[in-house]
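Residues per chain, in single letters:
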Number of protein chains: 2
Amino acid sequence: MPAKPCSLLIVQPRFNCYFKPYFPINFSSFRHFSPRPTLNASLFSANPRPHSSLPSTGSSQIDPGSSRGGRTGALTPPPFADEVQKIDANPPKGTRDFPPEDMRLRSWLFHNFREVSRLFGFEEVDFPVLESEALFIRKAGEEIRDQLYCFEDRGNRRVALRPELTPSLARLVIQKGKSAPLPLKWFAIGQCWRYERMTRGRRREHYQWNMDIIGVPEVTAEAELISSTISFFKRIGVTASDVGFKVSSRKVLQEVLMSYSVPEDSFGRVCVIIDKIGKIPVEEIKKDLKHAGMSEVAVEDLLQVLSIKSLEKLEEILGDSGEAISDLRQLFSLAEKFGYSEWIQFDASVVRGLAYYTGIVFEGFDREGKLRAICGGGRYDKLLSTFGGDDLPACGFGFGDAVIVELLKEKGLLPKLDHQVENIVCALDSDLQGAAAAVATKLREKGQSVDLVLEGKPLKWVFKRAARINAQRLILVGLDEWQKGMVSVKILSSGEQYEVKLVELE
Amino acid sequence: MPAKPCSLLIVQPRFNCYFKPYFPINFSSFRHFSPRPTLNASLFSANPRPHSSLPSTGSSQIDPGSSRGGRTGALTPPPFADEVQKIDANPPKGTRDFPPEDMRLRSWLFHNFREVSRLFGFEEVDFPVLESEALFIRKAGEEIRDQLYCFEDRGNRRVALRPELTPSLARLVIQKGKSAPLPLKWFAIGQCWRYERMTRGRRREHYQWNMDIIGVPEVTAEAELISSTISFFKRIGVTASDVGFKVSSRKVLQEVLMSYSVPEDSFGRVCVIIDKIGKIPVEEIKKDLKHAGMSEVAVEDLLQVLSIKSLEKLEEILGDSGEAISDLRQLFSLAEKFGYSEWIQFDASVVRGLAYYTGIVFEGFDREGKLRAICGGGRYDKLLSTFGGDDLPACGFGFGDAVIVELLKEKGLLPKLDHQVENIVCALDSDLQGAAAAVATKLREKGQSVDLVLEGKPLKWVFKRAARINAQRLILVGLDEWQKGMVSVKILSSGEQYEVKLVELE
């Protein structure tokens with residue numbers, strides 16, 4: 001609670017503007033002076049003159065109009081060369097600024113991303129936000145390709161702002177080669193860009209938290225990753241009645257497709273088409289699937305399989321001996337041991353929109369069905385070889401910063417994050433500004449945060465600021481106390497106030 | 001210290017690969033099956049058949065060759081559609097990946113940037129890395145303009161990867177308008193891009209820490225900013241004998257230029273030229289200054305003034321009544337009170353390379369003179385009006401992540417930052433993988449970091465990994481102990497080991 005701006009022990013006269021007044025030179029008058037070459041000869045002589053030879057800036061040149069100053073900083077020299085150009089004060093379309101209040105939320109989110117990653121023993125990595133375009137060009141017709149934020153740079157290289165982190169991670173894994181002992185457990189938090197049409201209130205950039213495990217072929221890896229996202233949800237107050245995970249395996253599709261002799265090399269493309277179910281009309285889906293080489297019968301059968309929501313039912317169709325079933329069974333069994341069974345459910349319709357997944361896929365969704373997927377991931381054991389590297393078993397997830405914030409808003413779970421400062425330190429006299437600086441330095445050396453009042457302001461203003469920045473203590477440096485080596489302290493929550501020796505100030 | 005991989009109480013047989021073997025289906029054989037439309041009719045009938053109608057994946061199809069698996073993940077399905085394209089495993093020229101070891105250093109640096117900013121009561125902000133190009137185009141001939149990483153986006157907008165943070169900050173201040181009570185004390189840590197020729201081992205991106213104070217016309221603001229960078233240096237072990245600050249004021253130049261009737265609108269351009277002293281031949285500097293409208297005499301005089309290293313000497317030239325002198329005097333007086341006099345020195349040659357500075361300018365340098373400027377900043381009271389906003393007094397600095405790391409290397413001050421995990425948890429039997437997961441979950445819920453061994457691996461491997469990730473404890477989940485509700489714990493630094501009930505595991 002901010003203290004009331006009253007009842008201070010120290011009530012001293014207060015200068016609203018206690019600094020030495022600036023010398024208000026009217027620079028424009030200088031322009032009428034002619035250069036004075038005579039001064040140059042003597043300026044840098046062996047015995048320089050004790051006083052300036054440059055034009056005097058004495059009182060005769062005072063222009064009272066120029067000393068008003070204030071918010072516009074009119075006390076400083078006139079503007080430099082540049083012409084004024086009216087710029088748009090908004091960030092580019094589809095992008096965000098992060099003023100302090102938004103940044104606090106982002107930092108809180110990232111802190112929780114990092115903390116969960118730490119609890120799971122993952123190491124942080126990062127990659128350039130600008131990558132070679134080739135890294136993101138896949139031939140499966142993904143939406144992500146059409147939305148690539150790509151350019152040609154000054155060296156005529158095709159570059160792109162990354163739309164996702166996984167290809168960069170794969171690149172780094174290839175680069176590290178055998179020098180990195182497996183498994184790698186890496187996480188990253190990075191900004192990703194998609195040049196989307198701005199129709200659905202979507203933005204063109206978002207931050208994404210990724211966790212990836214490289215080198216573990218077993219489903220334990222996927223189970224661990226899902227566990228970490230659930231840990232995250234729990235930390236921020238989201239429960240299993242708010243959010244669930246739909247889990248399936250690309251191997252389900254693969255087994256179906258193969259039974260209908262659909263060519264292997266259509267697999268990525270078919271997955272990308274299937275991911276659009278629910279987003280575009282089913283007739284278009286069917287048409288696209290036929291274009292991808294599937295017979296009408298195969299398409300119908302595939303759509304039927306995709307509607308399955310029970311592992312038992314799936315097993316009736318696929319038999320119990322395939323990898324799809326055994327992976328999924330193992331995952332659900334592990335979920336029980338990890339303690340998150342209530343969070344996950346089998347849903348054959350989940351395939352994810354990226355071409356490179358090969359095994360288990362999962363996505364987190366809000367149970368009210370209002371929002372897009374909150375997070376998603378899966379196994380991508382064959383990505384490295386598409387870049388010319390040796391394949392390694394790999395899985396990971398991406399978790400954006402946008403939908404989760406919408407969910408937290410919906411559920412009333414957004415944290416209250418105020419700016420907070422431990423101390424506000426203020427000199428009561430212009431001559432004591434240095435003393436106040438010394439007090440601030442001393443407190444900061446002890447690890448205490450200090451907002452130092454840098455201007456001559458009335459006490460009322462100081463109290464208002466103290467309240468706004470949620471300062472815990474107001475420390476006033478007044479002449480009488482300072483001469484005794486003391487300062488005046490006011491605890492702003494209780495109103496308690498006392499004087500204390502500077503050496504005893506903690 | 002890593003424990004030796006021996007003397008465990010529990011010595012149980014260990015399965016190198018204890019998971020249920022994958023069912024080694026030879027998928028390629030599927031392709032020879034013809035579609036079986038007959039199964040479709042019954043597949044989704046009201047009474048689905050209890051067993052699969054899809055082609056059996058029984059033992060007759062086992063291809064022993066496909067069960068080898070291992071690092072390359074050969075147990076997973078064949079690759080999807082995409083053709084292999086050999087990509088460059090390196091990040092784009094002039095950019096960096098951050099593998100874990102480099103990321104730890106970056107995180108340590110950023111943590112210290114943030115901690116100092118917090119101690120000074122600053123709030124964090126951020127802006128898009130991609131901004132409108134217009135934000136960075138100034139007419140003063142700055143190097144930064146020639147190096148702009150600019151593009152045309154899909155909507156034919158001219159955009160640029162930001163080369164610095166200040167224009168974005170100014171944009172946000174204009175956007176916030178009067179809703180933000182002054183002074184604003186903001187900091188940001190962001191990646192900046194410059195398309196430099198790659199000749200001097202320079203990179204095209206770096207991260208920059210900025211602190212800015214908006215709304216304070218007094219020199220106390222500059223004094224506070226210099227104080228914060230010095231706090232940073234001290235935190236990371238850098239002393240006043242390693243690093244100093246050269247301080248001057250653009251008003252020095254302005255007073256000289258005006259005395260020679262150099263047009264006001266040449267000011268930014270002249271500053272940019274002067275900043276190149278020491279980087280290009282002095283004759284070129286002189287030529288450029290003449291092009292900017294200065295007489296030969298004025299140029300010679302200016303260069304003489306720039307060589308001044310003492311405030312007293314400067315005062316002899318400029319007189320004692322101008323703003324340049326009074327600002328600088330005040331700054332040096334405050335430096336004494338802040339306690340950092342030994343760090344700073346007057347040096348008229350410091351002007352900084354950005355056109356928009358109007359007052360005090362400063363830069364941090366290594367006293368051995370081996371490196372480029374470590375950080376730099378100053379007052380820019382007229383930047384907002386160049387964007388069409390109302391001017392506000394403002395000052396700030398930028399502090400890159402590159403030169404400081406070079407300095408720390410030079411001085412042997414780079415911190416030792418190892419990956420550290422509190423626990424490594426490992427099941428001793430395939431059936432106990434779920435139990436190990438439960439142990440990991442329990443520890444993580446208590447805030448302990450856990451590297452969970454996700455694969456069947458020999459104990460020797462587990463110890464090696466434990467040493468590599470600097471695990472403090474190894475927790476083994478073996479059958480006998482687990483049946484008693486216990487696990488085996490080994491403290492890896494001392495070799496001490498004991499059994500403990502899971503409920504008592506802290």
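Not measured: the values here are computed from a predicted model.

About the thresholds
Residues numbered from 1 in each chain as written. Chains lettered and ligands numbered in written order. Predicted model: local features only at pLDDT ≥ 70, side-chain atom pairs only at ≥ 80, totals over all residues. Heavy atoms only, no water. Pairing = 2+ DSSP bridges. Helix = DSSP H or I, 4+ residues; strand = E, 2+ residues; numbered from the N terminus. Contact = heavy atoms within 4.5 Å. Axes fitted to C-alpha atoms, helices over the stretch in contact; angles between N-to-C directions. Disulfide = S-S within 2.5 Å. Buried < 20%, exposed > 50% of the residue type's maximum accessible area, 1.4 Å probe, protein only. UniProt positions renumbered as here; feature names shortened; annotations may be inferred. Polar contact = N/O pair within 3.5 Å; in protein donor to acceptor, adjacent residues only side chain to side chain. Left-handed = near helix turned anticlockwise from the far one by under 90°. Nonpolar A, V, L, I, M, F, W, Y, C, P; charged D, E, K, R; others polar. Phe/Tyr/Trp six-rings, centres within 6.5 Å; stacked < 30°, edge-to-face > 60°. Lys NZ or Arg CZ within 6 Å of the ring centre and 35° of its normal.

Any details on the sheet that holds strand β5 (residues 184-193) of chain B? Residues and values, ideally.
Residue and element names in this part refer to chain B. If you walk across this open sheet you meet the 8 strands as β1-β5-β6-β11-β10-β9-β7-β8, and the pairing is mixed. Since the sheet does not close on itself, it has two edges, and those belong to β1 (123-124) and β8 (344-346), each with one partner. Judged from the 5 bridges that link them, strand β10 (residues 375-379) and strand β11 (residues 394-400) form a sheet pairing that is antiparallel. The residue of β11 that forms the bridge with glycine 378 is glycine 396. Along the sheet face, helix α5 (residues 166-176) touches β5 and β6 (205-214) and points at about 140 degrees away from the line of β5.

Any details on the pairing of strand β3 (residues 149-152) of chain A? Residues and values, ideally.
Every other side chain in a regular strand lies on the same face of the sheet, so the side chains alternate between the two faces. Residues and elements named next belong to chain A. Here 4 bridges tie β3 to strand β4 (residues 158-161), and the two strands are oriented antiparallel to one another. Looking at β4, one finds that phenylalanine 151 is bridged to valine 159. Between β3 and β4, which follow one another and run antiparallel, lie 5 residues, and asparagine 156 among them has a positive phi close to 60 degrees.

Describe the state of the cysteines, with residues and values.
Residue and element names in this part refer to chain A. Under the criterion given, the structure shown has 0 disulfides over all chains. Unpaired in this structure, cysteine 395 has its nearest cysteine sulfur neighbour in cysteine 375, at a distance of 14 Å. Given the relative accessible area of 0%, cysteine 395 is considered buried.

Hey, could you go over the sheet that holds strand β14 (residues 473-477) of chain A for me, with residue numbers and the actual values?
All names here are of chain A. Read from one edge to the other, the open sheet built from 5 strands follows the order β13-β12-β14-β15-β16, with strand pairing classed as mixed. Because the sheet does not close on itself, it has two edges, and the strands there are β13 (450-452) and β16 (497-501). For this sheet the average axis-to-axis angle between neighbouring strands, irrespective of direction, equals 25 degrees. With 5 bridges joining them, strand β12 (residues 423-427) and β14 adopt parallel strand pairing. Bridge pairing in β14 places valine 425 opposite isoleucine 475.

Describe the UniProt feature "binding site: L-histidine" (unreviewed entry) in chain A, naming the residues involved and giving the relevant values.
Residues and elements named next belong to chain A. In this numbering, the UniProt entry assigns the feature "binding site: L-histidine" (unreviewed entry) to Glu164, Leu165, Thr166, Arg194, Gln208, Asp212, Arg352, Tyr356 and Tyr357. With a relative accessible area of 3%, glutamate 164 lands in the buried category. Ignoring sequence-local partners within four residues, the contact set of glutamate 164 consists of Phe136, Arg138, Ile144, Cys192, Leu354 and Tyr356. Here tyrosine 356 takes part through its side chain, which lies 2.4 Å from a polar atom of the side chain of glutamate 164. Mapped onto the fold, leucine 165 is located in the loop between β4 and α5 (166-176). When its relative accessible area of 1% is taken as the criterion, leucine 165 is described as buried. The residues touching leucine 165, leaving out its near neighbours within four places in the chain, are Phe127, Ala188, Gly190, Cys192, Gln208 and Asn210.

Explain the packing of helix α7 (residues 250-259) of chain A against helix α8 (residues 267-274) of chain A to me, and be specific about the residues and the numbers.
When two helices pack together, you describe them by how their axes are tilted relative to each other and by the distance separating the axes. Residues and elements named next belong to chain A. The N-to-C vectors of α7 and α8 enclose an angle of 115 degrees; their axes lie 11 Å apart at closest approach. Between α7 and α8 the crossing geometry is right-handed. Counted together, Arg250, Leu253, Gln254 and Leu257 of α7 and Phe267, Val270, Cys271 and Ile274 of α8 form the full contact between these two elements. The class makeup of the residues in the contact of α7 with α8 is 6 nonpolar, 1 polar and 1 charged.

Provide a residue-level description of the side chain of serine 168 of chain B, including the pertinent values.
All names here are of chain B. Examined against the element boundaries, serine 168 turns out to sit in helix α5. The buried category is assigned to serine 168, whose relative accessible area is 0%. Those residues in contact with serine 168, other than ones at most four positions away along the chain, are Phe127, Glu131, Leu135 and Phe136.

How would you explain the packing of aromatic side chains if you had to name every residue and give the values?
Tallied over the full model, the rule gives 43 aromatic pairs over all chains. With centroids separated by 4.9 Å and ring planes inclined at 35 degrees, the aromatic side chains of phenylalanine 113 of chain A and phenylalanine 232 of chain A adopt a geometry described as tilted. Here phenylalanine 232 of chain A lies in helix α6 (residues 220-235) and phenylalanine 113 of chain A lies in helix α3 (residues 100-119), a separation of 119 residues in the sequence. Taking the relative accessible area as the measure of exposure, phenylalanine 113 of chain A reaches 0% and is therefore buried. Consider the rings of tyrosine 149 of chain A and tryptophan 193 of chain A, whose centres lie 5.5 Å apart with planes at 90 degrees: the pair is edge-to-face. Pair noted here: tyrosine 149 of chain A is in strand β3 and tryptophan 193 of chain A is in strand β5 (residues 184-193), with a separation of 44 residues, a long-range link. Of the residues examined, tryptophan 193 of chain A reaches a relative accessible area of 0% and is grouped as buried. Members of the aromatic cluster, joined through ring pairs, are Phe98, Phe110, Phe113, Tyr207, Trp209, Phe232, Phe233, Phe245, Trp343, Phe362, Phe397 and Phe399 of chain A. Here the guanidinium or amino end of arginine 106 of chain B rests over the ring plane of phenylalanine 98 of chain B, the centre of that ring lying 4.5 Å away. Taking the ring centre of tyrosine 195 of chain B as reference, the NZ or CZ of arginine 204 of chain B above it sits at 4.0 Å.

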